[in-house]
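# Reading the structure
Each chain, letter by letter, is given below.
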Amino acid sequence: MAMEARDIETLIRAAFPQARITITDLAGDGNHWAAEVIDESFRTMNRVQQQRAVYASLKGKMDGPHGELHALALTTKAPE
Amino acid sequence: MTTPQPTSTAALDRIRETVAGNDVVLYMKGTRDMPQCGFSRNVAGVLNFIGVDYKDVNVLEDADIRQGIKDYSDWPTIPQLYVKGEFVGGCDIIIEMTLSGELDSLFAGKGIAFDSAAAAKIREANG
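### So, the overall build of chain B
- Within chain B, the secondary structure is distributed over six helices and four strands.
- Going from N to C terminus, chain B has its helices and strands arranged as α-β-α-β-α-β-β-α-α-α.
- Relative to the globule expectation of 14 Å for 127 residues, the C-alpha radius of gyration of chain B, 15 Å, shows essentially globular dimensions.
- Along the longest, intermediate and shortest principal axes, the C-alpha atoms of chain B span 45 × 30 × 25 Å.
- Counting all 127 residues of chain B, 44% fall into the buried class.
- Of all intrachain contacts in chain B linking residues separated by at least 6 positions in sequence, the fraction that spans at least 24 positions is 63%.
- Here chain B displays about 6200 Å² of accessible surface, and carbon together with sulfur accounts for 51% of that area.
- Computing the positive centroid from 12 side-chain charges and the negative centroid from 18, chain B places the two 2 Å apart.

Below you can see the structure in the form of structure tokens.
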């Protein structure tokens with residue numbers, strides 16, 4: 001079952017209510033997405049911590065045996 | 001629908017041993033010469049191009065390791081790069097670090113040999 005951009009944004013938004021979130025469909029198949037998340041909380045985190053927090057917000061939708069979300073290219077940063 | 005089994009300590013022990021026993025380890029889908037996923041291909045491609053000596057672990061051959069490595073690093077995707085026992089990142093982070101030069105300083109700082117001219121070429125090619 002592929003995912004929709006809204007689904008991904010809703011999950012990330014729940015964990016990062018003030019973030020600026022941009023979801024891009026890379027392949028048009030609902031399975032290869034890019035997400036950019038810009039949030040103030042990232043200012044004190046290194047990249048691994050930032051991305052771990054975003055993956056955690058996706059609650060297991062990633063790459064597991066029933067991972068609906070096969071590929072998500074992540075870009076995370078604090079607002080300039 | 002099979003729920004993922006909790007990772008056995010045996011799998012975690014094997015991971016600990018591999019990560020501690022090798023300077024650079026890449027957990028990937030496929031092998032360094034036959035990657036079987038775009039993200040794994042990207043990271044293995046960078047390491048091969050800049051001539052880093054690393055151990056590749058094909059998670060497709062071992063379901064325990066494929067799940068175990070995600071629990072070990074609390075990171076849900078493959079590939080995963082480890083340098084001197086530390087988790088560095090997945091594909092996005094490694095590519096970002098390659099283009100920013102941070103990967104060069106990480107390797108240099110940890111005494112890992114690599115071809116800095118080749119690394120510079122990657123940055124030039126990606127403008």
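### What about the sheet that holds strand S2 (residues 32-38) of chain A?
All names here are of chain A.
- An order of S1-S2-S3 is seen for the three strands of this open sheet, with the pairing classed as mixed. For this open sheet the edge positions go to strand S1 (20-25) and strand S3 (71-77), each flanked by a neighbour on one side alone. The average undirected angle you get between the axes of adjacent strands in this sheet is 15°.
- Examined bridge by bridge, S2 and S3 share seven bridges and lie parallel to one another. Its bridge partner being in S3, Ala34 is matched across the sheet by Ala73.
- Contacts from helix H1 (residues 5-15) reach S1 and S2 within the one sheet, and its direction differs from that of S1 by about 155°.

### So, the interface of chain A and chain B
- Between chain A and chain B, the residue contacts involve 14 residues of the former and 21 residues of the latter.
- Interface area for chain A against chain B, summed over the two sides, is near 1500 Å², with a carbon-plus-sulfur share of 54%.
- Taken together, the connections running from chain A to chain B amount to three salt bridges.
- A salt bridge links Glu96 of chain B to Arg47 of chain A; its shortest N-O distance comes to 2.5 Å.
- Linking chain A with chain B are five residue pairs in polar contact (both at pLDDT 80 or more).
- Put simply, the parts of the chain that give the side of chain A that touches chain B at least two residues each are helix H2 (47-57) and S3 of chain A.
- For the side of chain A that touches chain B, the element with the most residues is H2 of chain A, which contributes five residues.
- In terms of residue class, the side of chain A that touches chain B is made up of eight nonpolar, three polar and three charged.

### Some thoughts on the nonpolar core
- If you look at the biggest cluster of nonpolar residues, it comprises 57 residues, and the most contacted ones within it are Ile12 and Leu58 of chain A together with Tyr27, Ile50 and Phe107 of chain B.
- Sorting elements by how many residues they give to this core places strand S1 (residues 24-28) of chain B first, with five residues.
- The contact partners of Phe107 of chain B, leaving out residues within four places of it in the chain, are Val24, Leu47, Ile50, Val52, Val83, Ile112 and Phe114 of chain B.

### Things to note about the confidence of the model for chain B
- The share of residues in chain B with pLDDT of 70 or more is 95%, and the mean pLDDT across the chain is 94.
- Under the prediction, the complex receives an ipTM of 0.79, its pTM being 0.89.

What counts as what
- Residues numbered from 1 in each chain as written.
- Chains lettered and ligands numbered in written order.
- Predicted model: local features only at pLDDT ≥ 70, side-chain atom pairs only at ≥ 80, totals over all residues.
- Heavy atoms only, no water.
- Helix = DSSP H or I, 4+ residues; strand = E, 2+ residues; numbered from the N terminus.
- Rg over C-alpha atoms; globule rule 2.2 N^0.38 Å.
- Buried < 20%, exposed > 50% of the residue type's maximum accessible area, 1.4 Å probe, protein only.
- Contact = heavy atoms within 4.5 Å.
- Areas by Shrake-Rupley, 256 points an atom, 1.4 Å probe, with all protein chains shown as cover.
- Lys, Arg positive; Asp, Glu negative; His and termini not counted.
- Charge placed at Lys NZ, Arg CZ, Asp CG, Glu CD.
- Pairing = 2+ DSSP bridges.
- Axes fitted to C-alpha atoms, helices over the stretch in contact; angles between N-to-C directions.
- Buried area = accessible area lost by both parts, 1.4 Å probe.
- Salt bridge = Lys/Arg side-chain N within 4 Å of Asp/Glu carboxyl O.
- Polar contact = N/O pair within 3.5 Å; in protein donor to acceptor, adjacent residues only side chain to side chain.
- Nonpolar A, V, L, I, M, F, W, Y, C, P; charged D, E, K, R; others polar.
- Core = buried A, V, L, I, M, F, W, Y, C linked by side-chain atoms within 4.5 Å.
- pLDDT = per-residue confidence, 0-100.

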